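Here is how the chains run, residue by residue.
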Amino acid sequence: MSPSAAVFSVYPSSAIETLRTTRITDRHMPPPPPPPSSSSSSFSPFLGITLKRASLRSINHGSNMPRRTTLLMEWQDCTVKMEIDVPISVAYNCYLDREAIPLWMPFISSVKKNPFKCINLKDTDNFQSTTCKMAMCLPVCINTYQYTGTNTTKILEEKPELSRWSLKYNAFGRDLEFSWLARNMQPIPNQKIHWRSLEGLPNRGAVRFFPKGSSSCLVELTVSYEVPQLLAPVASALQPFLKNLLGNGLERFANFARTYQHES
């Protein structure tokens, strides 16, 4: 073949007609949509709709939402023990007298047994306590008292295991005042007295008695408490400070128990 020869492609007549029809149809079709942005939307030729794409930067991942924070308060334990030259039964009965504890424990200002005496019922949904002024005590009143009728005054049933404790002491440059409602758990005579707080300053503890002969015993006092938020900055100094106070309290308890023995 010579260099100037031309190359011709021969199409069937049916193919030429199809090509002509396609070109005519394309003139009347709307122009294709612009190419979609990779970060904003995409066009689906099958559905004929535009799908919006949200940028990862525009998604709210919760950075501005309030997060729940759990404040874990610190608990501390203090244990002191002392041998006391009184029979174990005397020491046990002496410590069982809770209302006398302020006489020998330096930071306890008062202990009142059965702190709920009576309530004035105005109606079945609204009542006021004549002895308990704190709203947090009302659930205890409800749980320990069953009532009927309205506009009456009833006496609460005896709850000797309940007691209201008050603490007042000057320490760390502050006048500290705390209170709590405590429940004495079932004691083991001449062996164990233990309690836990129901409201107020969270604490629990136990006093254990071990015989050391017929006329003496070992008294072991353990107190666990939640460090008040007010004293959180001095939490490291609080434990040894309280341990010293409890030790002094046991020394005074030993003298109190000896006097208790002679008077009884």
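### Re the environment of Lys112
Next up, step 1: By the element assignment, Lys112 lies in strand 4 (residues 108-113).
Next up, step 2: Counting along the chain gives 51 residues from Lys112 to Ser163, while the straight-line C-alpha distance between them is 5.3 Å.
Next up, step 3: When near neighbours in sequence (up to four residues on either side) are disregarded, Lys112 contacts Glu99, Leu162, Ser163 and Arg164.

### Section: the environment of Ala91
Next up, step 1: Along the polypeptide, Ala91 turns up in helix 2 (residues 88-96).
Next up, step 2: Residue Ala91 is classed as buried on the basis of its relative accessible area of 0%.
Next up, step 3: When the C-alpha atoms of Ala91 and Phe256 are compared, they prove to be 9.5 Å apart, with 165 residues separating the residues in sequence.
Next up, step 4: Leaving out residues up to four positions away in the same chain, Ala91 has contacts with Val86, Phe209, Cys217, Val219 and Phe253.

### Examining the pairing of strand 11 (residues 203-211)
Next up, step 1: Taken together, the five bridges between strand 10 (residues 192-200) and strand 11 define a ladder with antiparallel strand orientation. Bridging across to strand 11, Ile193 finds its partner in Val207.
Next up, step 2: Hairpin geometry of strand 10 and strand 11 is characterised by an intervening segment of two residues between the two adjacent antiparallel strands.
Next up, step 3: Note that strand 11 and strand 12 (residues 217-226) share nine bridges and pair antiparallel. When the sheet's bridge partners are listed, Ala206 is paired in strand 12 with Thr222.
Next up, step 4: Where strand 11 folds back on strand 12, the antiparallel hairpin that results is connected by five residues, among which Gly213 adopts a positive phi of roughly 120 degrees.

### So, the nonpolar core
Next up, step 1: Formed by 43 residues in total, the largest nonpolar core has its most connected members in Tyr95, Phe209, Val219, Leu221, Leu246 and Phe253.
Next up, step 2: By residue number, the principal contributor to this core is helix 4 (residues 235-263), which donates nine residues.
Next up, step 3: Leaving out residues up to four positions away in the same chain, Leu221 has contacts with Cys78, Thr79, Val80, Tyr95, Met105, Trp195, Ala206, Val207 and Leu246.

### What to know about helix 4
Next up, step 1: For helix 4, with 29 residues, the first-to-last C-alpha span of 41 Å sits near the 42 Å given by 1.5 Å per residue.
Next up, step 2: Buried residues in helix 4 make contact with strand 3 (75-84), helix 2, strand 8 (162-171) and strand 12.

### Some details on the confidence of the model for the protein chain
Next up, step 1: Averaged over every residue, the pLDDT of the protein chain is 73; residues scoring 70 or more account for 56%.
Next up, step 2: Note on residues 1-26: pLDDT is under 50 here. Beyond four places in sequence and across chains, it has one contact.
Next up, step 3: Low pLDDT (under 50) marks residues 38-63, which in the prediction has 24 contacts with non-local residues, meaning those over four places away or in another chain.

### Examining the side chain of Thr222
Next up, step 1: Structurally, Thr222 is set in strand 12.
Next up, step 2: Take Thr222: its relative accessible area is 18%, and that puts it in the buried class.
Next up, step 3: A polar atom in the side chain of Thr222 sits 3.1 Å from the side chain of Thr79.
Next up, step 4: Every residue in contact with Thr222, bar those within four places of it in the chain, is listed here: Cys78, Thr79, Trp195, Arg204, Gly205, Ala206 and Arg208.

### Considering the packing of helix 2 against helix 4
Next up, step 1: Contact geometry for helix 2 and helix 4: axes closest at 10 Å, N-to-C directions at 105 degrees. Compared by their axis directions, helix 2 and helix 4 come out roughly perpendicular. Note on element contacts: helix 4 touches helix 2 through Phe253, Phe256, Ala257, Tyr260 and Gln261, opposite Val90, Ala91, Asn93, Cys94 and Tyr95.

Reading guide: rules and limits
- Residues numbered from 1 in each chain as written.
- Predicted model: local features only at pLDDT ≥ 70, side-chain atom pairs only at ≥ 80, totals over all residues.
- Heavy atoms only, no water.
- Helix = DSSP H or I, 4+ residues; strand = E, 2+ residues; numbered from the N terminus.
- Contact = heavy atoms within 4.5 Å.
- Buried < 20%, exposed > 50% of the residue type's maximum accessible area, 1.4 Å probe, protein only.
- Pairing = 2+ DSSP bridges.
- Core = buried A, V, L, I, M, F, W, Y, C linked by side-chain atoms within 4.5 Å.
- Expected span 1.5 Å × (residues − 1).
- pLDDT = per-residue confidence, 0-100.
- Polar contact = N/O pair within 3.5 Å; in protein donor to acceptor, adjacent residues only side chain to side chain.
- Axes fitted to C-alpha atoms, helices over the stretch in contact; angles between N-to-C directions.
- Parallel < 35°, antiparallel > 145°, perpendicular 65-115°, else oblique.

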